[in-house]
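# Survey of secondary and tertiary structure
Letter by letter, the chains look like this.
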Amino acid sequence: MSTSKIPWQELRTLALHATTLSYAPYSHVTVGAAGFTDSGSVVTGSNVENASYGLTLCAECSLVSDLTRQGGGRLVGISVVAGDGQPIAPCGRCRQVLFEHGGKNLIVDDGSDHPERTIADLLPDAFGPDDLDTRSNS
Ligand code: THU
């Protein structure tokens, strides 16, 4: 999948719409995510907070759940925005979650005309599935 095929404007629109579906009564920071897969499908997610704050689900986790329920696949591009429509930095945990489902070349929208920022830029030297294969004792 060529990165020039990623429909960034569509992803941004879907991510912004997803912020309207957030459950964020505690922080009031609504976050939406929209991703594009190697088979050309689109997946979305919204943050879902919890009264036990640490149990909050980020929009990216919600998106990965959507990806899995749609039958899986590899993420090639993702937009994550707050309610103002501007990109929001994926948190540390979500960088790891996104790495699992997109690998180092997954492009994370930075709001520019031609996004090139990868998850490897955001999470250098990531631990991932390959490490389990090569570092297992058995
Ligand atoms: N949030 C996300 O949904 N994704 C991120 O990567 C950063 C943070 C949400 C979690 C919480 O509901 C709100 O933003 C404030 O932290």
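Residues numbered from 1 in each chain as written. Predicted model: local features only at pLDDT ≥ 70, side-chain atom pairs only at ≥ 80, totals over all residues. Heavy atoms only, no water.

### Some points on the overall build of the protein chain
Each helix and strand in the protein chain was counted, giving 5 helices and 4 strands. For the protein chain, the succession of helices and strands along the chain, N to C, is α-β-β-α-β-α-β-α-α. For a compact globule of 138 residues, the expected C-alpha radius of gyration is about 14 Å, and the protein chain comes in at 15 Å, within 12% of that figure. Along the longest, intermediate and shortest principal axes, the C-alpha atoms of the protein chain span 45 × 40 × 25 Å. Every one of the 138 residues in the protein chain was classed for burial, and the buried ones make up 38%. Across the protein chain, contacts joining residues at least 24 apart in sequence account for 60% of those joining residues at least 6 apart. Counting only carbon and sulfur atoms, one obtains 51% of the accessible surface of the protein chain, whose full area is about 7,700 Å². Of the charged side chains in the protein chain, 9 are positive and 16 negative; the average position of the first set lies 3 Å away from that of the second. (Helix = DSSP H or I, 4+ residues; strand = E, 2+ residues; numbered from the N terminus. Rg over C-alpha atoms; globule rule 2.2 N^0.38 Å. Buried < 20%, exposed > 50% of the residue type's maximum accessible area, 1.4 Å probe, protein only. Contact = heavy atoms within 4.5 Å. Areas by Shrake-Rupley, 256 points an atom, 1.4 Å probe, with all protein chains shown as cover. Lys, Arg positive; Asp, Glu negative; His and termini not counted. Charge placed at Lys NZ, Arg CZ, Asp CG, Glu CD.)

### Some remarks on unusual backbone geometry
Phi at His 28 takes a positive value of approximately 60 degrees, unusual for a residue other than glycine. Structurally, the position occupied by His 28 is in the loop between helix H1 (8-19) and strand S1 (31-37). Given the relative accessible area of 62%, His 28 is considered exposed.

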